[in-house]
Amino acid sequence: IDVPADVAWKTVLSKDSDTGEKMIISGTVFAADGKTPAPNVLIYLYHTDIYGYYGKNGEHKHGRYRGWMLTDSNGKYEFQTIKPAPYPENRFAAHIHTTVTTKKLKEDWIDSYLFEGDSLISARERQDAGKKGGFNPIVKLEKNANGIWSAKRDIQLWKA
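Computed from a prediction, not measured in an experiment: that's the story for all the values here.

A. Examining the overall build of the chain more closely. A count of helical and extended segments in the chain gives one helix and eleven strands. Reading the helices (α) and strands (β) of the chain from amino to carboxyl end gives β-β-β-β-β-β-β-α-β-β-β-β. On C-alpha atoms alone, the chain measures out to a radius of gyration of 15 Å, which is about the 15 Å that the 2.2 N^0.38 rule sets for 160 residues. For the chain, the C-alpha atoms occupy an extent of roughly 40 × 40 × 35 Å along the three principal directions. Counting only residues that meet the buried cut, the chain has 44% of its 160 residues in that class. Across the chain, every contact between residues at least 6 apart in sequence was considered, and the portion connecting residues at least 24 apart equals 65%. With the model as given, the accessible surface of the chain reaches about 9,000 Å², and the carbon-plus-sulfur share is 49%.

Quick look at the structure:
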């Protein structure tokens, strides 16, 4: 639903004028074997703003920091956005919700992206990390030469 016609392997969720720390996350989606790159996987993601809110004032319920990518022939994807904030009540770590869809797999949630060093990451989230989407969803952000946070997260699909 709502997928634009021009989905590419890269997307930008934020505007240059948005307040917040810029962030680029990239990775590869692999087949169930964890080794074979998976092309043409549709990835949908969304997250809160710098105050911990999604949509407001008539925006989509997932907010304006949302978008789609279609992995390239080597299973690669990349998105640029701003670093999200935890919900205002500070009960849950900052995160990015994500679903994946393929021709054989219906849309399904994978573990949310979490950020290493976030004191709100629970012991259970650490224990369950990678159960849905393989690999570790807790990414380590590092500043690149341009002062932009960057991280890598690979994703492993499951058998259809």
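From this point, the discussion proceeds with the structure in view.
B. Up close: the pattern of salt bridges. One pass over the structure, following the stated rule, counts ten salt bridges. The salt bridge involving D128 is made with K131; its shortest N-O contact spans 3.3 Å. On the basis of relative accessibility, which here comes to 62%, the residue K131 falls in the exposed class. Each of R124, D128 and K131 takes part in salt bridges that share partners, so that together they form one network.

C. Main features of the sheet that holds strand β4 (residues 66-70). Pairing in this open sheet of five strands is mixed, and the strands run β4-β3-β6-β7-β8 from one edge to the other. At either end of the open sheet lies a strand with only one pairing partner, and these are β4 and β8 (138-139).

D. Structural view of the environment of N90. With respect to the secondary-structure elements, N90 resides in the loop between β5 (76-82) and β6 (96-101). Residues N90 and K56, 34 residues apart in the sequence, show an inter-C-alpha distance of 19 Å.

E. Molecular detail of the packing of aromatic side chains. One pass over the structure, following the stated rule, counts eight aromatic pairs. Ring geometry for Y44 versus W68: centroids 5.0 Å apart, planes at 35°, classification tilted. On the criterion of sequence distance, the pair formed by Y44 in strand β3 (residues 42-47) and W68 in strand β4 is long-range, its members being 24 residues apart. With respect to burial, Y44 and W68 carry one shared label: buried.

F. Geometry of unusual backbone geometry. Positioned with a positive phi, N40 is a non-glycine residue whose angle comes to about 60°. Relative to the assigned elements, N40 resides in the loop between β2 (22-30) and β3. At N90, a position not held by glycine, the phi torsion is positive, near 55°.

Conventions adopted
Residues numbered from 1 in each chain as written. Predicted model: local features only at pLDDT ≥ 70, side-chain atom pairs only at ≥ 80, totals over all residues. Heavy atoms only, no water. Helix = DSSP H or I, 4+ residues; strand = E, 2+ residues; numbered from the N terminus. Rg over C-alpha atoms; globule rule 2.2 N^0.38 Å. Buried < 20%, exposed > 50% of the residue type's maximum accessible area, 1.4 Å probe, protein only. Contact = heavy atoms within 4.5 Å. Areas by Shrake-Rupley, 256 points an atom, 1.4 Å probe, with all protein chains shown as cover. Salt bridge = Lys/Arg side-chain N within 4 Å of Asp/Glu carboxyl O. Pairing = 2+ DSSP bridges. Phe/Tyr/Trp six-rings, centres within 6.5 Å; stacked < 30°, edge-to-face > 60°.

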